[in-house]
Amino acid sequence: MEMTEVTGVSLKRGSVAVEDNDRAAPAEEAKRQKILDHCLTKSQSELEHVSPPSGVNVPEPPEAVSAREGTKNSDVQLEEEEEEEEDGLSEEGEEEEEAESFADMMKHGLTELDVGITKFVSSHQGFSGILKERYSDFVVHEIGKDGRISHLDDLSVPVDEEDPTEDVFTVLTAEEKQRLEELQLFKNKETSVAIEVIEDTKEKRTIIHQAIKSLFPGLETKTEDREGKKYIVAYHAAGKKALANPRKHSWPKSRGSYCHFVLYKENKDTMDAINVLSKYLRVKPNIFSYMGTKDKRAITVQEIAVLKITAQRLAHLNKCLMNFKLGNFSYQKNPLKLGELQGNHFTVVLRNITGTDEQVQQAMNSLKEIGFINYYGMQRFGTTAVPTYQVGRAILQNSWTEVMDLILKPRSGAEKGYLVKCREEWAKTKDPAAALRKLPVKRCVEGQLLRGLSKYGMKNIVSAFGIIPRNNRLMYIHSYQSYVWNNMVSKRIEEYGLRPVPGDLVLKGATATYVDEEDVNNYSIHDVVMPLPGFDVIYPKHKISEAYREMLTADNLDIDNMRHKIRDYSLSGAYRKIIIRPQNVSWEVVAYDDPKIPLFNTDVDNLEGKPPPVFASEGKYRALKMDFSLPPSTYATMAIREVLKMDTSIKNQTQLNTTWLR
């Protein structure tokens, strides 16, 4: 098996958008927002918009939903300011930001070379192709812990005599819903809301009781006579905690506490999707659980579980949510846990390919038989001129002033206008409160750090940084580990090629052991692992061990002491296979004329009975449609990189072709 280097790759390639950090086309976003707004108005919800994504476009490990919720540790004044300004963010301003030249902003971004991605394992000649020209060209189906691929193929609701009738969704007026929502969310000083029963029957009163309790978790109801008229009075049962903890007594004991469902979503990441669902259902996002986060610029299908929300209420969302579909409902005793999935199955279309049939065949056979280097993809390292691994390195060095500076200083790159103004204010005044006022959205990392600095002062950066949710803080350190790992695996493959050698590491169960001279032939390159640096790992017994030491020493870190004085930032380390061979690999080359037509059916297309596309024997363009399955924590873009032999960084791709931004 041959191994080639990135330096010989032709730069005349199509465009690739990495999974998590690309953005939706402005017109498409605006259209979808209008429909969402109409739906909210139609259902008399008048809810806040979901907060725009964090200003720092960095990936995060798939941790608990509540991690992205705003912290509760800031002072009251700043918290109130945040809510007021966040609601005031105009869509028009957002669209203006999106209209900026993305290619120009990315001139200072990272390339693969910057993060240690330099090698290929196959010997075929690379070719051009456009990935994610349309987000529907990238479809991800989750593989559950039982090995089954998740599909949305059933929209029916489980029959349950305990469920209220459909009338609960229409019995309340718009004004009544607004008053109840304000009561539920403690938005005014009212302690109760009274609703007059116009057509007084027991059945009508029952429906109103059910509507309030099911649509506004945390509220209780009672019937009162006032001057000869019947009123249903809604009031708080258990204070603010009731919103996060649905009432126990309203759920049938015979039914599992969790409603599991399959979520089909388009062009939204998992957290944004859950925020949308929670706002429509008027519940806290932390009652949802899932096994892994999914890409934004894609169509994804995954299993979600939610605590004590009926399938009936969830199915009702299908009537008003655009680009979402919920189905395959069932009641279970337990939530889902992060990491329980076996992986993801990808269906990917590379449009307008230039490779011959023979080149495609060679590339795909190599992917199927050898695989690809298991690099951490570009989305692990952020999109601006300040890579996330640099912040992680400063944390490990205990250089807190540098951590603050790296997160807040002005930089070139893909950033929204309000973040640019915030950074300029910070550079000019070093006043956290003044810089914070420039941010309409304060739940981004910069906003959270500035709130911390306002609260704890500039001499206590550690506590200020601690206001950022734990998962986001650890993401910086994980980024540094990934940066080291990428560089080391490139050196390992350059030094020893694609065969196991004495001194390599393999896993026996969860324990890493060395490959000895006498048993080297018992292993293949697919067995070899390399460590992410930490205090609880061992390093190879060959030249690469010294390379680890040299790299960390150059970064002023002690490889023999990876424990940090702050326990959260102590790195235990882990092991990662250096080569991944995808499973269930299949492919076909199809011809097409219209770049806007879908080239395969989605789950929703199949539910709607749409016939699959029919391809002509010849067409203006050719596309490569590929299917493959990957284990968790591997990057599909790295598999595609191996097929095309190209740099997948946004910087490189936007300089070549920005078609995918349309």
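Each remark here, short or long, concerns the structure printed above.
For clarity, every value in this text was computed on a predicted model and none was experimentally measured.

(A) Structural detail: the packing of helix α17 (residues 470–496) against helix α18 (residues 543–554). Packing of α17 against α18 brings their axes to within 10 Å, and their N-to-C directions diverge by 145 degrees. The way α17 lies across α18 gives a crossing that is right-handed. Note on element contacts: α18 touches α17 through Lys 543, Ile 544, Ala 547, Tyr 548, Met 551 and Leu 552, opposite Tyr 480, Tyr 483, Val 484, Trp 485, Asn 487, Met 488, Lys 491, Arg 492, Glu 495 and Tyr 496.

(B) Spatial organisation of unusual backbone geometry. Of note, Asn 323 is a non-glycine position whose phi angle comes to about 65 degrees, a positive value. In the Ramachandran plot, Asn 398 falls in the positive-phi region, its phi being about 65 degrees despite a non-glycine side chain. Along the chain, Asn 398 falls in the loop between α11 (388–396) and α12 (400–408).

(C) Expanded view of the packing of aromatic side chains. All chains considered together, the criterion is met by 14 aromatic pairs. When the ring of Phe 381 is compared with that of Tyr 389, the centres are 6.4 Å apart and the planes differ by 80 degrees; the resulting orientation is edge-to-face. Note on accessibility: Phe 381 and Tyr 389 belong to one class, buried. Ring geometry for Tyr 539 versus Tyr 548: centroids 5.0 Å apart, planes at 65 degrees, classification edge-to-face. Assessed through its relative accessible area of 13%, Tyr 539 is described here as buried. Relative accessible area serves as the criterion here: at 0%, Tyr 548 is assigned to the buried category. Across the ring face of Tyr 376, the terminal group of Arg 576 is positioned such that the distance to the ring centre comes to 3.8 Å. Across from the ring centre of Phe 120, 3.9 Å away, lies the NZ or CZ of Arg 641, which sits over that ring.

(D) Representation of the sheet that holds strand β5 (residues 192–196) within the structure. Sheet architecture is open: three strands sit in the order β5-β7-β6, paired in antiparallel fashion. Edge positions in the sheet fall to β5 and β6 (219–226), since each of these pairs with one other strand and no more. Each strand of the sheet is rotated relative to its neighbour by a mean of 25 degrees, with strand direction disregarded. Note: β5 against strand β7 (residues 229–236), five bridges, orientation antiparallel. What sits directly across from Ser 192, in β7, is Tyr 235. Running over the sheet, helix α5 (residues 174–184) touches β5, β6 and β7 and is turned about 160 degrees from β5.

(E) Geometry of the nonpolar core. If you look at the biggest cluster of nonpolar residues, it comprises 99 residues, and the most contacted ones within it are Phe 465 and Met 626. Setting aside chain neighbours within four positions, we find Met 626 in contact with Phe 346, Thr 347, Val 348, Leu 350, Met 364, Leu 367, Ser 586, Trp 587, Ile 640 and Val 643. Counting residues in each nonpolar core, the second largest holds 28 residues, with Leu 281, Ile 309, Leu 314 and Phe 329 among its members.

The rules behind the values
- Residues numbered from 1 in each chain as written.
- Predicted model: local features only at pLDDT ≥ 70, side-chain atom pairs only at ≥ 80, totals over all residues.
- Heavy atoms only, no water.
- Axes fitted to C-alpha atoms, helices over the stretch in contact; angles between N-to-C directions.
- Helix = DSSP H or I, 4+ residues; strand = E, 2+ residues; numbered from the N terminus.
- Left-handed = near helix turned anticlockwise from the far one by under 90°.
- Contact = heavy atoms within 4.5 Å.
- Phe/Tyr/Trp six-rings, centres within 6.5 Å; stacked < 30°, edge-to-face > 60°.
- Buried < 20%, exposed > 50% of the residue type's maximum accessible area, 1.4 Å probe, protein only.
- Lys NZ or Arg CZ within 6 Å of the ring centre and 35° of its normal.
- Pairing = 2+ DSSP bridges.
- Core = buried A, V, L, I, M, F, W, Y, C linked by side-chain atoms within 4.5 Å.

The quantities given are spatial measurements derived from coordinates; they are silent on function.
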